[in-house]
2 protein chains.
Amino acid sequence: MRRSAPTSQDVARLAGVSQSTVSYVLTGSRPISAATRRRVEEAIEKLGYHPNSGARALRSRRSGVIGLMVPEAFGNDAVLMRFVGAIAREAQRFGYDILLVTAQEGARGIHRVVRTGVCEALILMELGRHDERVAAVIEAGLPFVLIGKPVGFPNGSVVDLDFERLGRMVVDRAADEGCERLLLFGEPGHRRHRNDVSRFLLGIEEQAQGRGLEVVLDAGDLPDVPARARELARGGRRTAVFGLNGVTEVLFATAASGALADPELLPLALTDEDLAAISPLLARIPRIDPRRVEISELAVRELVRLLREDGASPRVTLVEPEWVDPDRAGQERPGQERPGQDGGEHGSTPTG
Amino acid sequence: MRRSAPTSQDVARLAGVSQSTVSYVLTGSRPISAATRRRVEEAIEKLGYHPNSGARALRSRRSGVIGLMVPEAFGNDAVLMRFVGAIAREAQRFGYDILLVTAQEGARGIHRVVRTGVCEALILMELGRHDERVAAVIEAGLPFVLIGKPVGFPNGSVVDLDFERLGRMVVDRAADEGCERLLLFGEPGHRRHRNDVSRFLLGIEEQAQGRGLEVVLDAGDLPDVPARARELARGGRRTAVFGLNGVTEVLFATAASGALADPELLPLALTDEDLAAISPLLARIPRIDPRRVEISELAVRELVRLLREDGASPRVTLVEPEWVDPDRAGQERPGQERPGQDGGEHGSTPTG
DNA sequence: TTGTACGCGTTATCAG
DNA sequence: CTGATAACGCGTACAA
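The model shown is predicted, which means the values in this text are computed figures rather than measured ones.

Q: Requested: an account of the packing of helix 8 (residues 163-176) of chain B against helix 9 (residues 195-211) of chain B, with residues and values cited.
A: Residue and element names in this part refer to chain B. Orientation of helix 8 relative to helix 9, taken along the N-to-C sense of each, is 35 degrees, at an axis distance of 7 Å. With respect to the hand of their crossing, helix 8 and helix 9 are arranged in right-handed fashion. Along the contact surface, helix 8 presents Phe 163, Glu 164, Leu 166, Gly 167, Arg 168, Val 170, Val 171, Asp 172, Ala 175 and Asp 176, while helix 9 presents Asp 196, Arg 199, Phe 200, Leu 202, Gly 203, Ile 204, Glu 206, Gln 207, Ala 208 and Arg 211. Considered class by class, the residues forming the contact of helix 8 with helix 9 number nine nonpolar, three polar and eight charged.

Here it is as structure tokens:
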């Protein structure tokens, strides 16, 4: 039978002070003499004291827990992992823990964790176009951040990759390299309902018009891709190929089965993997870094800002995609800077 | 300014009963007349009442939260995702939430979440051979389950794939198909320190001896794989190739670049992906399902068992790997049953 | 600069 | 079958 955890009472006794003094040392909400502070801290150390989170949450209405609502598909999409890991680590840095809430629970899940007081803030991922959870989280009234920007969402903080710009970047690259055609994998046309895809296509279409590029939206299912790419390339017009999200790695590895050897094809990838490290066949593929770690960290920091500065108004932060080009040796080098951007996030626009 | 969440007092007032009656209706720890129960439940529904988790945890010492300690590499290894998603969903089913604890925090992290009382139970993943966290979680004294079986770990509950059997299965398959050589990718020889790899190799070596199969442990880095496979196959002796964990998908897609077309090579994969759906090139690869979802669910259920039945002694549960063979049409069919196993978990051995 | 006392919302032990 | 009441451990207004 193990003894139960020490309380602030125990610490107070050991340090020869009152319980409230211990509390004040911890919260720092009142000046404490250096001498007693030291005695208290020693006692804390000696006992291995940690304040009881239940009691603290009950009293202060702050649980130190951030809820992270992960998509339904969580578990099938490897990409989400990067976000979750980075979010957990960054939250830790600020003294918060991450609680998983499955999207399966929907709006009810939000109400649940809010009403029970388990979470004092929320991060939502991969919202649909008209998502019930947005209303729920606003009504809940606690600080929240969305990862993944809805098309015109104004009433809250958002952090996301700048997908419109991504679209333009892809078109520009293709055109700059002399392509007359752009082939998009992963069925973006069928996924317009997704916010990221929809914004991406906006950028694509807008820029393609200006650069006179033909865009082929839906190149078929994954297994059809290599054949389709080859067939198009046979036309003799140089063609760029690009795929969005998770499928990318597999897609290109697949395409590498032969289609990509064609000099008429310019493959471009959106991935945070170092492709050259996977296979020399992929080494020549220029990629765009989706900056998922940065996005995650920014989301946490934005949430912390909302939690700490009170009366803080929400912000929309779009992170710049970055080219990572392989050089001749097959080693990667950092993407070139372009005029008017420093490779960091750009728009940080107030909204509320 | 939104009003704060309703309390059991509010419910009691509305239902015209005392506060404690509300509590008893919720916990069911005392018989309540059908009439008052109904009135209370209506009041709860009308107010949207949820019991405050802080107060509940403070009083009952049960937080309803299970801590999940994820590996350092969390975010780089897509495979872990499957576990986390399935764990979160299954925990939900039993009324628990999952709190992420990063392995970065090490043993201190365990002490922290235990002492603060945030978690009432723990799941640990990917423990090293001599992991400080095992001692920490045992000392902490609360229920825990390990996903990933240490070589000889006795004092706690464990759920894992039967990696020794996996090794034997791979060897048997290779031998049955007339291979004289087995080529292992993913540098298992360099990763013997990992529990799963070490047990896998145990099974491999043991069985390879009996079947007279030559085993090549470290076939180089990922990009070298195709060349190495081809070179070996040129010897004219039929060769099976197999890779452990995460890398598998990419690995085989890479190898598909040509090496796998060689009839002298028998590729075998450990993956939960339907390879045929990714590319027809991968369609003929027989795979072993690592059963990560089942493992996750079993881990949660084992933890719930430890939490609910008190005095329950820990169990080691090894889940059977399963062959999933592609048939002629490229469609997958369920793996064959073998004598003495029903495709479910086999050994559920008491340990304590 | 420190100590005292109260209450956060629950669960559980008393009576009735 | 139900109602009062005492903790649980901490944060903070008030008193010293």
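Q: Describe in detail the relation of the copies chain B and chain A, supporting the description with residues and values.
A: The relation between the two copies of this chain is a rotation about an axis and a shift parallel to it. For these two chains of identical sequence, chain B goes onto chain A by a turn of 180 degrees and a shift of 0.0 Å along the axis, with RMSD 0.1 Å. Here the copies are linked by what is in effect a two-fold axis. Both copies share a contact surface, since 98% of the interface residues of chain B are interface residues in chain A too.

Q: Describe unusual backbone geometry, and please don't skip the residues or the numbers.
A: All names here are of chain A. Of note in the backbone geometry, Glu 126 takes a positive phi value of approximately 50 degrees without being a glycine. Summarising the element assignment, Glu 126 is placed in the loop between strand 3 (121-125) and helix 7 (132-140). On the accessibility criterion, Glu 126 (34% relative accessible area) is partly exposed.

Q: Just give me the short version of the protein's contact with DNA strand D, but keep the residues and values in it.
A: If you check the shell around DNA strand D, you find 26 residues, and the closest are Ser 8 and Tyr 49 of chain A together with Thr 21, Arg 30 and Arg 59 of chain B. Considering DNA strand D, the proportion of its atoms within 4 Å of the protein that are sugar or phosphate atoms stands at 49%. A distance of 2.4 Å separates a phosphate oxygen of DNA strand D from a polar atom in the side chain of Thr 21 of chain B. Arg 61 of chain B places a polar side-chain atom, nitrogen or oxygen, 2.8 Å from a phosphate oxygen of DNA strand D. Mapped onto the surface near DNA strand D, the elements with two or more residues apiece are helix 2 (19-27) and helix 4 (53-60) of chain A together with helix 2 (19-27) and helix 4 (53-60) of chain B. Tallying contributions element by element places helix 2 of chain A first for the surface near DNA strand D, with four residues. The residue makeup of the surface near DNA strand D, split by class, is eight nonpolar, twelve polar and six charged.

Q: Which residues make up the sheet that holds strand 9 (residues 265-270) of chain B, and what values do they have?
A: Residue and element names in this part refer to chain B. In spatial order, the strands read 7-6-8-9-10-12; together these six strands make up an open sheet with mixed pairing. Each of the sheet's edge strands pairs with one partner strand only, and the pair in question is strand 7 (214-216) and strand 12 (322-324). In this sheet, neighbouring strand axes are inclined to one another by 25 degrees on average, regardless of whether the strands run parallel or antiparallel. For strand 9 and strand 10 (residues 287-289), the ladder comprises two bridges, and the chain directions are parallel. Bridge pairing in strand 10 places Ala 269 opposite Arg 287. With respect to the sheet, helix 8 is in contact with strand 6 (181-185), strand 8 (239-243), strand 9, strand 10 and strand 12, its orientation differing from that of strand 9 by roughly 160 degrees. Sitting on the sheet, helix 9 is in contact with strand 6, strand 7 and strand 8, with an inclination near 170 degrees to strand 6.

What counts as what
- Residues numbered from 1 in each chain as written.
- Chains lettered and ligands numbered in written order.
- Predicted model: local features only at pLDDT ≥ 70, side-chain atom pairs only at ≥ 80, totals over all residues.
- Heavy atoms only, no water.
- Axes fitted to C-alpha atoms, helices over the stretch in contact; angles between N-to-C directions.
- Helix = DSSP H or I, 4+ residues; strand = E, 2+ residues; numbered from the N terminus.
- Left-handed = near helix turned anticlockwise from the far one by under 90°.
- Contact = heavy atoms within 4.5 Å.
- Nonpolar A, V, L, I, M, F, W, Y, C, P; charged D, E, K, R; others polar.
- Least-squares fit on C-alpha atoms with pLDDT ≥ 70 in both.
- Buried < 20%, exposed > 50% of the residue type's maximum accessible area, 1.4 Å probe, protein only.
- Near = heavy atom within 4 Å.
- Polar contact = N/O pair within 3.5 Å; in protein donor to acceptor, adjacent residues only side chain to side chain.
- Pairing = 2+ DSSP bridges.

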